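# Notes for the structure review
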Amino acid sequence: MDGATESARLAVLARFEVLDTAPEPLFDSLTALAAKTFDVPIALISLLDSKRQWFKSRVGIKVEQTARDISFCKYAIQSDEPLIVLDTHLDPRFADTALVKGAPYIRFYAGAPLITAEGCRLGTLCVIDRAPKSRFCPADVERLQALAASVMQALELRLAAIEKERIGAISHEREALLAQAERLAGVGTWTWDVEANRTTWSEEVYRIHGYDPSEPAPDLAGVLACYDPDSAAELGEKVQRAVNHAEDYALQARIIRPDGEIRDVVARGGSRLGRDGKVAGLFGTFQDVTALRLADLALRESEAKARHLIENSTDMIVRNGRDGVVREVSPACRQYGYEPDELKVLNPREFIHPDDLAIAHAARIDNFSGREPDRALNREYRIRTKSGDYRWVQGNPTPVQDRDGTVVEVISVFRDVTERKMAEEKLQASEAKARHLIENSTDMMVRMDQSARILEVSPACRAFGYEPSDLVDQLSLDFIHPGDLDAAIAAARDNFTGKPADLSLSREYRFRTKSGDYRWLQGSPTVTRDAGGVPLELISTFRDVTERKEAELALAEKEAHYRLLAENARDIIACYGPDARITYVSPAVSTVLGFQADELIGTSPTAFMHREDAKSVVALLAAYAADGPEAAPITYEYRAYRKDGQMIWLEGRPRSVFDPESGALLEFQDAVRDITRRKVMEADLASARDEAVEAIAVKSDFLANMSHEIRTPLTAILGFSSLLLARTDLAETAAVHVKRVHGASNALLAI
């Protein structure tokens, strides 16, 4: 049984007003008769509601109702023929149901449907046994159907009694309702006795004419006097024809009330014949249609405005009939290349993108459902232009209903939303790209509300031992090192001031990992705002800068160490840029040059150099810098003047520092030592060396003169000593002495 049929059946059942009523003797006698006729312990008059079967009368059981889904009755009402089940254990529909396996332990069931004159099956008259039966003959079936017909007749009689009672009550209210209806509808009644020329008016007719109801109604002449001249003449002719020929009439006219107000009225009249067959009187209705006429004028004006909007709107307006016929299309369809008449005959399958046909079909079903249009339903789809490309449109339907509430047509306004859809697609692509970046970025991205509560976090949090679910709904400040908490709170407050971010605030903090240690993070905040610019939430990108921070801390420690060395070294440590301006000089400068360090900041090192040495130093430094970072170290010496004017010698050992990325020269770092004492010693040594050279020259001259005089006797000595050494008979002592003479002679000869 389909949904519509079941809804109609339930409506008829409700009309009988029998559900949940008290037991009645007539119905109880019929169930008792059924139990005895078929010799069964149980007989029921069962009426099937949407969720239950309710027993109007019952024999053999105490329960008043059972659930519909376990009932036999739901099967019995599927057909006009009785449902006979000789043994429920053998019927798969019922063998395992609660009413068979449990109380009342049904084994046999026979149920005849209770069928109304319209053919609706409201329930059954059924007989039940706890034991199976071998047969239920056709005569038994006829008897069961006859009893069911008697139950249905009893229900009809019961309904008739209810209707009769209701009609009796209604008749007492009819006159009051008629008077009330006249007032509500603005329609009155009147009669006119032709022979007596006597008129009767209802209260509404008096009110419309502006007359006092306590005064007698005017005769025909007095009635005609109430109308404007043209209307009075036309009414007089119609009344005369009605009297002469018994013709009914209707007239739309104007009356002038005693206070001068003009009202638009509709007078309708009919004839009442006397015993002689002639017209004895007239009767009819009288209606004030002034408001209707004004409403009609307003409607015409509204229609004219609507027509103007339709003709000039940039949105395409379409009127669709329930029969699927397109009744009207506004000229705005020309933006898609069509004329209105072309779209009236175009099949939607030729006009709507194939992928969007289901959306358009669902929208049409909803439009004609008779319900308020479902605004949540997707009504955006692509339509094909005459040139073959597609444009996105958004439909906004307005159903038009007849008096019965049936939707007879739908007026839809279609707005071109192609640009918006394209923007949405770009946004979706951008969001997908952003989501990809979030999911794959090594930086941790965190979305937080104004209380610093984490709303969302990217998978990069796993680098710190957390799953995203571990951090969501937690306060971000709970993970910050206590030593960095004040800076983090200040940065969080700054994010939601509504002003540009304060760049002077530190956004680097130590973040606690799941293992309990800390990593340095650098935050980069982006605040999302509403249309009014009010901050809503914060999206921050956190980058792990632990290695950089550790390097910076190590560098700072080294700088502090080297600064300590520089501050306490006896040599001057100086830094100056490519512009040859001193940026730093150690305190040793006061000892060496007599200047305080701050006196030299910003000055050139050449300011206290000897003029002759300054040019060579500058040229040497320029060549050193030109050789780049790989240049070999250099050392240079120059004369300088102390603050007191004394000239001293200095030695510089510069080191050039270059930008590792751009290769640009950043500064010179120079270690300058006072070498005045060394230079004095070098001068003394040079003087001593000159004296020694002169002495050596004198010695050379002396030896040159003496060489000739000594060489001749030495030759003889060497000869004789060589002969003696060759002998083998010399005594040992004599041989030693000869060797000494021979060696000394050789040595003297060498001089």
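Residues numbered from 1 in each chain as written. Predicted model: local features only at pLDDT ≥ 70, side-chain atom pairs only at ≥ 80, totals over all residues. Heavy atoms only, no water.

### Quick look at the overall build of the protein chain
- Helix and strand content of the protein chain: 21 helices and 26 strands.
- Its C-alpha radius of gyration of 61 Å places the protein chain more than 25% over the 27 Å reference for a compact globule of 751 residues.
- With the principal axes as the frame, the protein chain shows a C-alpha extent of 205 × 90 × 55 Å.
- Among the 751 residues that make up the protein chain, the fraction classed as buried is 35%.
- Roughly 44,900 Å² of accessible area belongs to the protein chain as shown, and the carbon and sulfur atoms make up 55% of that amount.
- Between the mean site of the 94 positive side-chain charges and the mean site of the 117 negative ones, the protein chain shows a separation of 3 Å. (Helix = DSSP H or I, 4+ residues; strand = E, 2+ residues; numbered from the N terminus. Rg over C-alpha atoms; globule rule 2.2 N^0.38 Å. Buried < 20%, exposed > 50% of the residue type's maximum accessible area, 1.4 Å probe, protein only. Areas by Shrake-Rupley, 256 points an atom, 1.4 Å probe, with all protein chains shown as cover. Lys, Arg positive; Asp, Glu negative; His and termini not counted. Charge placed at Lys NZ, Arg CZ, Asp CG, Glu CD.)

### Comments concerning the sheet that holds strand E14 (residues 380–384)
- Read from one edge to the other, the open sheet built from five strands follows the order E13-E12-E16-E15-E14, with strand pairing classed as antiparallel. Bordering the open sheet on either side are strand E13 (326–329) and E14, each of which pairs with just one other strand. Each strand axis lies, on average, 35 degrees off the axis of its neighbour in the sheet, ignoring direction.
- Relative to strand E16 (residues 407–416), strand E12 (residues 316–321) is paired through six bridges, and the arrangement is antiparallel. (Pairing = 2+ DSSP bridges. Axes fitted to C-alpha atoms, helices over the stretch in contact; angles between N-to-C directions.)

### Topic: the state of the cysteines
- Under the counting rule described, the total for this entry stands at zero disulfides.
- No disulfide involves Cys126; its sulfur sits 6.9 Å from the nearest other cysteine sulfur, which is in Cys73. (Disulfide = S-S within 2.5 Å.)

### Observations regarding the pairing of strand E24 (residues 636–641)
- Summarising the sheet, E24 and strand E25 (residues 647–658) pair through six bridges and their orientation is antiparallel. Within E25, the residue paired with Glu637 across the bridge is Glu651.
- As consecutive antiparallel partners, E24 and E25 are separated by five residues, and within that stretch Gly645 has a phi angle of approximately 95 degrees, a positive value.

### Some remarks on the sheet that holds strand E20 (residues 518–529)
- With antiparallel pairing, the five strands of this open sheet are ordered in space as E18-E17-E21-E20-E19. Two strands lie at the open edges of the sheet, namely strand E18 (454–457) and strand E19 (508–512), each paired on one side alone. For this sheet, the mean inter-axis angle between neighbouring strands, taken without regard to orientation, is 35 degrees.
- With three bridges connecting them, strand E17 (residues 444–448) and E18 associate as antiparallel partners. Bridge pairing in E18 links Met448 to Ile454.
- Contacts from helix H15 (residues 485–495) reach E19, E20 and strand E21 (535–544) within the one sheet, and its direction differs from that of E19 by about 115 degrees. (Contact = heavy atoms within 4.5 Å.)

### Description of the pattern of salt bridges
- Under the counting rule described, the total for this entry stands at 60 salt bridges.
- Taking the shortest distance from any N to any O, the salt bridge between Arg241 and Glu247 comes out at 3.6 Å.
- For Arg241, a relative accessible area of 35% puts it in the partly exposed group.
- Take Glu247: its relative accessible area is 37%, and that puts it in the partly exposed class.
- Between Lys386 and Glu342 there is a salt bridge; the shortest N-O distance is 2.6 Å. Taken together, the residues Lys386 in the loop between E14 and strand E15 (390–401) and Glu342 in helix H10 (residues 340–344) connect sequence positions 44 residues apart.
- Residue Lys386 is classed as partly exposed on the basis of its relative accessible area, which comes to 47%.
- Given the relative accessible area of 29%, Glu342 is considered partly exposed.
- One continuous salt-bridge network, built from bridges that share partners, spans Glu637, Glu651, Arg653, Arg678, Lys679 and Glu682. (Salt bridge = Lys/Arg side-chain N within 4 Å of Asp/Glu carboxyl O.)

### Considerations on the packing of aromatic side chains
- According to the stated counting rule, one finds 15 aromatic pairs in the structure shown.
- Pairing Tyr466 with Phe511 gives two aromatic rings, centres 6.0 Å apart and planes at 70 degrees, and the pair type is edge-to-face. Pair noted here: Tyr466 is in the loop between E18 and helix H14 (468–471) and Phe511 is in strand E19, with a separation of 45 residues, a long-range link.
- Judged by relative accessible area, Tyr466 falls into the buried class, the value being 7%.
- Here the aromatic rings of Tyr636 and Tyr638 are separated by 5.6 Å at their centres, their planes lie at 25 degrees, and the arrangement is stacked. Here Tyr636 matches Tyr638 in class, with each residue buried.
- Through pairs of rings, three or more aromatic residues link up here, namely Phe72, Tyr75, Phe94 and Tyr109.
- A cation over an aromatic ring shows up here: Lys421 above the ring of Trp392, its NZ or CZ 4.3 Å from the ring centre. (Phe/Tyr/Trp six-rings, centres within 6.5 Å; stacked < 30°, edge-to-face > 60°. Lys NZ or Arg CZ within 6 Å of the ring centre and 35° of its normal.)

### Description of the environment of Ile634
- Position of Ile634 among the secondary structure elements: in the loop between helix H19 (611–626) and E24.
- On the accessibility criterion, Ile634 (18% relative accessible area) is buried.
- Along the sequence, Ile634 and Lys62 sit 572 residues apart, while their C-alpha atoms lie 119 Å from each other.
- When near neighbours in sequence (up to four residues on either side) are disregarded, Ile634 contacts Leu620, Tyr624, Gly652, Arg653 and Pro654.

### A look at the side chain of Asp366
- Note on placement: Asp366 falls in helix H12 (residues 357–367).
- For Asp366, a relative accessible area of 9% puts it in the buried group.
- Setting aside residues up to four positions removed in sequence, Asp366 forms contacts with Arg371, Pro373, Asp374, Leu377 and Arg379.

### Let's talk about the nonpolar core
- Core analysis: the biggest nonpolar cluster contains 32 residues, and Phe16, Leu114, Leu122, Leu125, Val127, Val151 and Leu155 have the highest contact counts within it.
- Those elements that provide at least two residues to this core are helix H1 (3–15), helix H2 (25–38), strand E1 (42–48), strand E5 (108–115), strand E6 (121–129) and helix H5 (138–185).
- The element contributing the most residues to this core is H5, with nine residues.
- If we ignore the near neighbours within four places in the chain, the residues touching Leu155 are Phe16, Val18, Phe27 and Leu114.
- Judged by nonpolar contacts, the second largest core, of 27 residues, contains Ala588, Val589, Val592 and Phe608. (Core = buried A, V, L, I, M, F, W, Y, C linked by side-chain atoms within 4.5 Å.)

### Examining the environment of Glu215
- Mapped onto the elements, Glu215 comes out in the loop between helix H6 (203–209) and helix H7 (220–225).
- Sequence separation between Glu215 and Leu144 is 71 residues; the distance between their C-alpha atoms is 69 Å.

### Overview of unusual backbone geometry
- The residue after Ala103, namely Pro104, is reached through a cis peptide bond having omega 5 degrees.
- Positive phi outside glycine occurs at Asp20, with the angle close to 60 degrees.
- Within the element layout of this structure, Asp20 appears in the loop between H1 and H2.
- Since its relative accessible area comes to 52%, Asp20 is described here as exposed.
- Even without a glycine there, the phi angle at Ala452 is positive, about 70 degrees.
- For Ala452, the location among the structural elements is in the loop between E17 and E18.
- Looking at Ala452, the relative accessible area reads 10%, which means it is buried.

### Brief notes about helix H8 (residues 229–245)
- An ideal rise of 1.5 Å per residue puts 24 Å on 17 residues; H8 measures up with 24 Å between its terminal C-alpha atoms.
- Inspection of H8 places Ser231, Ala232, Leu235, Lys238, Val239 and Ala242 among the buried residues, and these make up the whole buried set. Burial along H8 is one-sided: seen end-on, the buried residues are contained in an arc of 130 degrees. Facing away from the buried surface of H8 by more than 90 degrees, the exposed residues are Pro229, Asp230 and His245.
- Contacts made by the buried residues of H8 are with strand E7 (187–193), H7, strand E9 (249–256), strand E10 (262–273) and strand E11 (279–288).
- The positive-phi residue at the C-terminal boundary of H8 is Ala246, with phi of around 55 degrees. (Expected span 1.5 Å × (residues − 1). Arc of directions from axis to C-beta.)

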